[in-house]
Each structure stands twice: as C-alpha cells, then as structure tokens.
Amino acid sequence: MKKILIVLVALIAIGVSISAVSAEGFSFSFGSESNSDGGDISIDNNKLKMQGVEFKIPEGFKENESARMLANDTNAFGEDCKESATTFYNNDTTIIVKIFFAKDGKFENVTGENPLNLAGHDGFITEKDGRAIFDYDADGKIVEIDAPDQDTIKSILG
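A brief structural summary.

## Brief notes about the packing of aromatic side chains
(1) Moving on: Counting across every chain of the model gives 3 aromatic pairs.
(2) Moving on: Taking 6.2 Å as the distance between ring centres and 80° as the angle between the ring planes, the aromatic pair formed by phenylalanine 77 and phenylalanine 107 counts as edge-to-face. Note that phenylalanine 77 is positioned in the loop between β6 (69–76) and β7 (79–90) and phenylalanine 107 in the loop between β8 (93–102) and β9 (115–118), a separation of 30 residues in sequence.
(3) Moving on: A relative accessible area of 41% places phenylalanine 77 in the partly exposed class.
(4) Moving on: For phenylalanine 107, a relative accessible area of 4% gives the class buried.
(5) Moving on: A network of ring pairs unites the aromatic residues Phe77, Phe100 and Phe107 as a single cluster.

Structure follows, in structure tokens:
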C-alpha cells in the first residue's frame, strides 16, 4: 500500500512539473504578432491594434486567424506597398480591417469618390455587394474597413 502511495505522489509531482513547464511559454495577450518588415497586429479585449492604429471590434465578433496577413507585399492605390489585414466574424457577418503602408514612406494625396467623415475620420465610402467599404488616411497609411454598414464602421472607429 505504501508503494502505491509513493508512486501516486510521484506521478502527481511529475504532472505538476510538466504543467508548470508548459505554462511557462503561454502568453495571456491574445492574438499578438509582429515581423521585421514593420508589421504588427495585436488583439486584446476586443481592441485591435494594427500598424499602430487602434480599432474597437464589436462585441460577439471573433477573429479568423487563418485570414490574418502581416506586411504582405501588394500593389494598392497605384503604388507598391505592404498590407496587413485581419477578418472578424459573427455568424454570417464579417468585418475586414486592412492597412496599406508604403514601402518608401507615406501615401500622399489619397483620393476617391463619395467623400465622407465617419467618427471623425475624413475618407471615402464605397458601397459594394450590399457592404460598406471606408478608406481613410491614418498618418500616411491607408486604412480600409469593409463591414455590413456604416454604423458598424463607426463603432469600429469609435
């Protein structure tokens, strides 16, 4: 009986040790990622920070981490640039947040049709396939929010 008790205590001690080692590498800041190209994305308590720009993600939306892009090369707004993006979902509703940043500085003279100010941001709105797409300048970066409607965009920018 004594041998069984000693073996049981030893197994518990091994289990606790393995748990402590495993927990050491665990981070409580959810969804944080960065790379050497200047890209950064972090999500904490429904607050998204991407390329230094902060957003509020509406309650109930979860990130589709497999759709995350971090400082990928692309061509947008007539320039070679980099793009960081992530997508959020709530049932059949999606929100896509993108930021384009120039490889050699800042975007200049960003223009478009349908100028609009949403939540204090001067930009351009496009309606496409029943969705609202809002583009605006954020310190030389172009932010693009694709959401079901303008009210959702306002809440993200809010």
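## Brief notes about unusual backbone geometry
(1) Moving on: At phenylalanine 77, a position not held by glycine, the phi torsion is positive, near 55°.
(2) Moving on: Backbone geometry at aspartate 139 places phi at a positive 55°, although glycine is not the residue there.
(3) Moving on: Residue placement: aspartate 139 occurs in the loop between β11 (131–138) and β12 (141–147).
(4) Moving on: Classification of aspartate 139 by relative accessible area gives exposed; the value is 60%.

## Details of the nonpolar core
(1) Moving on: If you look at the biggest cluster of nonpolar residues, it comprises 25 residues, and the most contacted ones within it are Leu48, Phe55, Tyr136, Val143, Ile145, Ile153 and Leu157.
(2) Moving on: Broken down by secondary-structure element, the contributors of at least two residues to this core are β2 (40–44), β3 (47–50), β4 (53–56), β8, β11, β12 and α2 (150–157).
(3) Moving on: For this core, the element with the most residues is β11, which contributes 4 residues.
(4) Moving on: Apart from the residues within four sequence positions on either side, leucine 157 is in contact with Phe55, Leu118, Ala119, His121, Phe134, Tyr136 and Ile145.
(5) Moving on: By size, the runner-up hydrophobic cluster in this structure holds 6 residues, among which are Ala76, Ala102, Phe107 and Ile142.

The rules we used
- Residues numbered from 1 in each chain as written.
- Predicted model: local features only at pLDDT ≥ 70, side-chain atom pairs only at ≥ 80, totals over all residues.
- Heavy atoms only, no water.
- Phe/Tyr/Trp six-rings, centres within 6.5 Å; stacked < 30°, edge-to-face > 60°.
- Helix = DSSP H or I, 4+ residues; strand = E, 2+ residues; numbered from the N terminus.
- Buried < 20%, exposed > 50% of the residue type's maximum accessible area, 1.4 Å probe, protein only.
- Core = buried A, V, L, I, M, F, W, Y, C linked by side-chain atoms within 4.5 Å.
- Contact = heavy atoms within 4.5 Å.

The values reported here are purely geometric and, on their own, carry no functional implication.
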